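Notes for the structure review
Listed below, chain by chain, are the residues.
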Amino acid sequence: MLNNSDAFIALPGGIGTLEETFQIASWAQLNIHHKSIGLLNVDGFFNKLLSFLDQVGEENFIPHSSRRIFIYASTAEEMIDKLEDFVYKSDPIAAQIDWSKGNGCKKRKLDLSLHL
């Protein structure tokens, strides 16, 4: 799905929808893709989620670039227009990681020794 899409649109849904939406968002934050994520905000379904994302951005738990990747609209027509106008702006730190070469996911040795 990642390689065959130009953007992602989440419709109102449950935990599975949120899990997949945030997985795609975390991949964007890690600079794995540069695609927008649309939330089709039918009848204000995503209003509280969008407020939460604004709050965690204001409190610096996520970079502002991570919040900007979420686009929302109340109609499909408005969503398409916004997705067509989307311009990706990467996070300067994440932009330094190149996941396509496998350098970003090196195994770390876990130290399980007991020190008394």
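Let me begin by describing the structure that accompanies this report.

Conventions adopted
- Residues numbered from 1 in each chain as written.
- Predicted model: local features only at pLDDT ≥ 70, side-chain atom pairs only at ≥ 80, totals over all residues.
- Heavy atoms only, no water.
- Helix = DSSP H or I, 4+ residues; strand = E, 2+ residues; numbered from the N terminus.
- Contact = heavy atoms within 4.5 Å.
- Salt bridge = Lys/Arg side-chain N within 4 Å of Asp/Glu carboxyl O.
- Buried < 20%, exposed > 50% of the residue type's maximum accessible area, 1.4 Å probe, protein only.
- Pairing = 2+ DSSP bridges.
- Right-handed = clockwise from strand over helix to strand, strands pointing away.
- Axes fitted to C-alpha atoms, helices over the stretch in contact; angles between N-to-C directions.
- Phe/Tyr/Trp six-rings, centres within 6.5 Å; stacked < 30°, edge-to-face > 60°.
- Lys NZ or Arg CZ within 6 Å of the ring centre and 35° of its normal.

Within the fold, Arg-67 resides in helix α3 (residues 64–68). Filtering out sequence-adjacent residues up to four positions away, Arg-67 remains in contact with Leu-50, Leu-53, Asp-54, Ile-62 and Tyr-72.

Our focus in this paragraph is the pattern of salt bridges. Evaluation of the coordinates by the stated rule reveals two salt bridges. Two residues, Asp-54 and Arg-67, come together in a salt bridge whose shortest N-O distance is 2.6 Å. Here Arg-67 lies in helix α3 and Asp-54 lies in helix α2 (residues 47–58), a separation of 13 residues in the sequence. Under the relative-accessibility criterion, Asp-54 is labelled partly exposed at 33%. Lys-82 is the salt-bridge partner of Glu-78, the closest N and O atoms lying 3.5 Å from each other. On the criterion of helical spacing, the pair formed by Glu-78 and Lys-82 is a turn pair, its members being four residues apart in helix α4 (residues 76–85). Its relative accessible area of 31% is what places Glu-78 among the partly exposed residues.

Of the two faces of strand β1 (residues 7–10), the one lined by Phe-8 and Ala-10 is fully buried and the one lined by Ala-7 and Ile-9 carries no buried residue. Two elements, β1 and strand β2 (residues 36–40), share four bridges in a ladder whose sense is parallel. Considered in β2, the bridge of Ala-10 is made with Leu-39. Handedness of the crossover joining β1 and β2 through helix α1 (residues 15–29): right-handed.

A few words now on the sheet that holds β2. Spatially, the three strands line up as an open sheet ordered β1-β2-β3, and their pairing is parallel. Strand pairing shows two members of the sheet lacking a second neighbour, β1 and β3 (70–73), which therefore form its edges. Along the sheet, successive strands turn relative to each other by an average axial angle of 25°, direction set aside. Direction of pairing for β2 relative to β3: parallel, over a ladder of four bridges. Paired with Gly-38 across the two strands is Ile-71, which belongs to β3. Lying over the sheet, α1 contacts β1, β2 and β3, oriented at roughly 155° with respect to β2.

So, about the packing of aromatic side chains. Applying the stated criterion to the full structure yields two aromatic pairs. Look at Phe-22 and Phe-70: their rings are 5.9 Å apart centre to centre, the planes differ by 55°, and that puts the pair in the tilted class. Remark: Phe-70 occurs in strand β3 and Phe-22 occurs in helix α1; sequence separation between them is 48 residues. Taking relative accessible area as the criterion, Phe-22 reaches 31% and is therefore assigned partly exposed. With a centroid separation of 5.0 Å and 85° between ring planes, the pair formed by Phe-45 and Phe-46 is classed as edge-to-face. Taking the ring centre of Tyr-72 as reference, the NZ or CZ of Lys-82 above it sits at 5.0 Å.

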